[in-house]
Amino acid sequence: MTSPSTTQADAARERRERIQALGYDYERQPRAALDACNLCGASTFVVLTHRDRYGFAAEAHACSRCGLVFLNPRMTAQAYGDFYNGVYRPLVSAFHGRLIDAQTIQGEQREYAAERAGFLRPFLAGSGRRTLLDIGGSTGVVAHHLGREFNLAGTLIDPAPLEVEQARQLGLETITGLIEEHEFGDRRFDVVIICQTVDHLLDVAGTLRRVRDLLTDDGVLFIDIVDFRAAYLRNWSVEAAVKIDHPYYLTEQTMRAYLASTGFEVLRTDYAADHLHVSYACRPGRPGRQPAGDAAAVAAMLQEIRFVQNAPARSR
Ligand SMILES: [Zn+2]
């Protein structure tokens, strides 16, 4: 008879083999070290982990002052461009042991779109807002859904060509590229959505400042995070919550600090039904100062991380 632990060990070995079969050499990708925190500018970091969930040698650091968690060093924009153009979905597929691609993700995205439309309805229904920009919009399912429900003309920017092609077929205006690099000129949008994307950005503060400029005066920003604390508590593993696809790991505390410092007022927050994502509906406000950091909150998170790394897993 096979014991549960043998089965688990077999599954982990098979997962490792599937990932190795992709032949992706993370350590040979061009990477750059970060010496200042993207949120508060401090330069003292705590190294939290040395490997990610795939087994790649990626370190996650936390800023000692504000608690922002990020990969360091991390791949350059060019290396991430290559990653999204052919590595990302196969890698995630290998990790989960099932095909995840531009086709298969659409069912999940439709469900996600319906949930977020419900959250945004009070701010968008009958509001007279006309234009929507979806940053990191993938196959366009979410932008298309919101566009139809709230009568918005949708524009989508995403770095993955296969996914952008799907979005184009849905009738959206599409841009293949990174928000950090695309020039919008004097265009403005009434609604900007950043869905399951902020953790993929290379410069969160810079992107949010750009979005603040791209939004009309009474515009609405929707953004959501995979709450890093929820992710490591759920997996009872900090390494399992770290993956090279995510340069950043936001928490409720660091996301709110980003929004306040880049000029957004939070109108409503939503803990998603999956208990993992946290969503924010925001309007433009006055940019605040860079956050000073909350020493007690940072200490509490680091203590919790050490607890998760060293206390036995809960029995399930
Ligand atoms: Zn910081």
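Located above this text is the structure these notes cover.
Attention in this report is confined to the structure presented alongside it. Given the structure is predicted, the values throughout are model-derived calculations rather than measurements.

**Let's talk about helix α4 (residues 105–124)**
(1) Moving on: G118 marks where α4 bends most, by close to 40°; the proline P122 follows one to four residues later.
(2) Moving on: Within the sequence span of α4, burial applies to Q109, Y112, A113, R116, L120 and L124.
(3) Moving on: Taken together, the buried residues of α4 touch α5 (141–150), β9 (189–194), β10 (215–226) and β13 (277–284).

**Some remarks on unusual backbone geometry**
(1) Moving on: In this chain, N72 is followed by P73 through a cis amide linkage whose omega measures -5°.
(2) Moving on: You can see P73 is positioned in the loop between β4 (69–71) and β5 (74–75).
(3) Moving on: Phi angles above zero are rare outside glycine, and H275 is one such case at about 65°.

**Quick look at the environment of H144**
(1) Moving on: With respect to the helices and strands, H144 occurs in helix α5.
(2) Moving on: In sequence terms H144 and G154 are 10 residues apart; their C-alpha atoms lie 6.9 Å from each other.
(3) Moving on: Not counting the four nearest positions on each side in its chain, H144 is found in contact with G154, L170 and L172.

**Things to note about the sheet that holds strand β6 (residues 131–135)**
(1) Moving on: Pairing in this open sheet of seven strands is mixed, and the strands run β8-β7-β6-β9-β10-β13-β12 from one edge to the other. Since the sheet does not close on itself, it has two edges, and those belong to β8 (173–176) and β12 (264–271), each with one partner. Ignoring which end each strand starts from, the neighbouring axes of this sheet average 15° apart.
(2) Moving on: Note: strand β7 (residues 153–158) against β8, four bridges, orientation parallel. When the sheet's bridge partners are listed, T155 is paired in β8 with E173.
(3) Moving on: In the packing of helix α7 (residues 204–214) onto the sheet, contacts are made with β6, β9, β10, β12 and β13, and the angle to β10 comes to roughly 150°.

Quick notes on the rules
- Residues numbered from 1 in each chain as written.
- Predicted model: local features only at pLDDT ≥ 70, side-chain atom pairs only at ≥ 80, totals over all residues.
- Bend = angle between axes of the 7 residues up to and from the residue.
- Helix = DSSP H or I, 4+ residues; strand = E, 2+ residues; numbered from the N terminus.
- Buried ≥ 20, exposed ≤ 12 C-beta atoms within 10 Å, placed from the backbone.
- Contact = placed C-beta atoms within 7 Å.
- Pairing = 2+ DSSP bridges.
- Axes fitted to C-alpha atoms, helices over the stretch in contact; angles between N-to-C directions.

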